[in-house]
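So you can see what is in the structure, the chains are spelled out below.
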Amino acid sequence: MIASFTAEFRKLSRRPALWWIVGMTLAVVALIYGFGYLRFSSQSFRADPGQTVAALKATLYPANLARTVVQDLPLIGGALMVVLGALVVGSEYSWGTLKTVYTQGPGRARVLLGQALALSVLTAALTIAVYVLAAVSSLVVVTADGAAVGWPESLTVLKAVGGTWLILECWAFFGMAMAFLLRQSAMAIGLGVAYMLAIEGIVFQVLGTFNIGWLTSVEKFFVGQNANAIGTSFGQAISPRGFGSTAQLVPADQAVIVVALYALAFFAMGVVLVRRRDVV
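We now turn to the structure provided with this report. (Residues numbered from 1 in each chain as written. Predicted model: local features only at pLDDT ≥ 70, side-chain atom pairs only at ≥ 80, totals over all residues. Heavy atoms only, no water.)

## Side note on the overall build of the chain
Now for step 1: Helices and strands together make up the secondary structure of the chain, namely eleven helices and zero strands.
Now for step 2: Each helix and strand of the chain, placed in order from N terminus to C terminus, yields the pattern α-α-α-α-α-α-α-α-α-α-α.
Now for step 3: When contacts within the chain are restricted to residue pairs at least 6 apart in sequence, those whose partners lie at least 24 apart make up 83%.
Now for step 4: If you sum the accessible surface of the chain, you get close to 13,500 Å²; carbon and sulfur atoms cover 68% of it. (Helix = DSSP H or I, 4+ residues; strand = E, 2+ residues; numbered from the N terminus. Contact = heavy atoms within 4.5 Å. Areas by Shrake-Rupley, 256 points an atom, 1.4 Å probe, with all protein chains shown as cover.)

## Observations regarding the packing of aromatic side chains
Now for step 1: According to the stated counting rule, one finds seven aromatic pairs in the structure shown.
Now for step 2: Aromatic side chains Phe174 and Tyr195 sit 5.7 Å apart centroid to centroid with 45° between the ring planes, which places their arrangement in the tilted category. One end of the pair, Phe174, is in helix α7 (residues 154–182); the other, Tyr195, is in helix α8 (residues 186–208), and 21 residues separate them in sequence.
Now for step 3: An angle of 55° between the planes, with centres 5.2 Å apart, marks the rings of Phe174 and Phe266 as tilted. With Phe174 in helix α7 and Phe266 in helix α11 (residues 252–276), this pair connects stretches of sequence that are 92 residues apart. (Phe/Tyr/Trp six-rings, centres within 6.5 Å; stacked < 30°, edge-to-face > 60°.)

## Some words on the packing of helix α6 (residues 108–145) against α11
When two helices pack together, their arrangement is given by the angle between the helix axes and by the axis-to-axis distance.
Now for step 1: Orientation of α6 relative to α11, taken along the N-to-C sense of each, is 150°, at an axis distance of 10 Å. The orientation of α6 relative to α11 falls into the category roughly antiparallel. Note on packing geometry: the crossing formed by α6 with α11 is right-handed. Where α6 abuts α11, its residues Arg108, Ala109, Leu112, Leu113 and Ala116 lie against Phe267, Gly270, Val271, Val274 and Arg275.
Now for step 2: Of the residues belonging to the contact of α6 with α11, the class tally is seven nonpolar, one polar and two charged. (Axes fitted to C-alpha atoms, helices over the stretch in contact; angles between N-to-C directions. Parallel < 35°, antiparallel > 145°, perpendicular 65-115°, else oblique. Left-handed = near helix turned anticlockwise from the far one by under 90°. Nonpolar A, V, L, I, M, F, W, Y, C, P; charged D, E, K, R; others polar.)

## Description of a nonpolar patch on the surface
Now for step 1: There is a patch of nonpolar side chains on the surface, built from Ile128, Val132, Val136 and Val140 and spanning about 360 Å² of accessible area.
Now for step 2: Assignment of secondary structure puts Val136 in helix α6.
Now for step 3: Judged by its relative accessible area of 46%, Val136 falls in the partly exposed class. (Patch = residues over 30% accessible without salt bridge, like charges linked within 9 Å, V, L, I, M, F, W, Y side chains within 5 Å. Salt bridge = Lys/Arg side-chain N within 4 Å of Asp/Glu carboxyl O. Buried < 20%, exposed > 50% of the residue type's maximum accessible area, 1.4 Å probe, protein only.)

## Topic: the pattern of salt bridges
Now for step 1: One pass over the structure, following the stated rule, counts three salt bridges.
Now for step 2: For Glu8, the salt bridge goes to Lys11, with nearest N and O atoms at 3.2 Å. With Glu8 and Lys11 both in helix α1 (residues 2–13) and three residues apart, this pair spans about one turn of that helix.
Now for step 3: Accessibility expressed as a relative area gives 8% for Glu8, which makes it buried.
Now for step 4: Given a relative accessible area of 31%, Lys11 falls into the partly exposed group.

## What to know about the nonpolar core
Now for step 1: In terms of nonpolar packing, the biggest core is built from 74 residues, with Tyr33, Val69, Met81, Tyr131, Trp171 and Phe180 touching the most fellow members.
Now for step 2: Elements with a contribution of two residues or more to this core: α2 (16–41), α4 (65–95), α5 (97–104), α6, α7, α8, α10 (223–232) and α11.
Now for step 3: Per element, the largest residue contribution to this core is 16 residues, and it comes from α4.
Now for step 4: Once you skip the residues sitting within four places of it in the chain, Tyr131 turns out to touch Leu65, Ala66, Val69, Val70, Ala160, Val161 and Thr164. (Core = buried A, V, L, I, M, F, W, Y, C linked by side-chain atoms within 4.5 Å.)

## A closer look at the packing of α4 against α6
Now for step 1: Axis separation between α4 and α6 bottoms out at 11 Å; the angle between their running directions is 150°. Between α4 and α6, the angle is such that the two are roughly antiparallel. The hand of the α4/α6 crossing is right-handed. On α6, the residues touching Leu65, Ala66, Val69, Val70, Leu73, Met81, Leu84, Gly85, Val88, Val89 and Glu92 of α4 are Gln115, Leu119, Thr123, Leu126, Val130, Tyr131, Ala134 and Ala135.
Now for step 2: Residue composition of the contact of α4 with α6, grouped by class: 15 nonpolar, three polar and one charged.

See the structure below:
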C-alpha cells in the first residue's frame, strides 16, 4: 500500500493539471478577498437594508477568517475537486495504463487505496494552503482599512480547516467514483460538475422559494446542504454568497457525519466497480 501511495503521489504531483487546479483554487480565495474589498470600498456600492458597509468589510478581516473560507470556498472549490478526482482515475482509462498496473503491480484494491490516499494528502495540503493565503489576504485588507487586527481562536480555525478538507475530500471522491463508473474523465467531469452546480445548487435554491415541506426534509440528506451546515455553524454570513440556502437545516455534528458517510460511500463505490468488472 505504501508503494502504491508513493507511486500515485509522485505521479499526481508531476501532472500539470493538478497545479492548474491548485492555482485556480487559490485564485478563487484571492478573488473572494480582492473583489470583496473593492466592491465594498466602491463609492457606488450600497449595502442592503439592515447592513452597513463597515460590517460587510469586517467579514473580510482576520477575525472572520474561518467563517469566510468555509462558507465561500466549498462551492467552486468543490467543483474543482470533482475535476481533480475524475482526472486521477479517468486519465488512467484514457492512457490504458490500468491494465498494465493491475496485471504486473499490486492488487486492484491496493492501487485504489493508494490513489485515494494520495488524493487525500493533496487535498489536505491544498486546504492548508488556502487558509494560509486567506490569512495573508485578510491581513492585507484589515491593514488597508487601518482597523484593529484580531484573529479567531486556534480551535475554531482547526475546526474550519477540518470541515473544509472534509467537504473538498467528499467531492474529490465523488469525482473518482464518477470516473470509475463511466471509465473516462471527460464525461465524469461534465456530469459531476453539472450535478453539483445544477441539482445541489440551482434546483434546490429555486424550489426552496416555494416552501415545500417535504423538499426541505429531502434536502437534508444531500451533500450540498450538509456542507452548507458545516459552513454556517461558524456563524451566519451577513451577505449571502453563491448558490443554495444560507439557512442551517441540520446540526453541524450531523452534517459532518453525513458528509463523511458520503465520502466513504463514494470510495466504496469505486472499490466495488474496480473489483467486480473488467478494466476495458
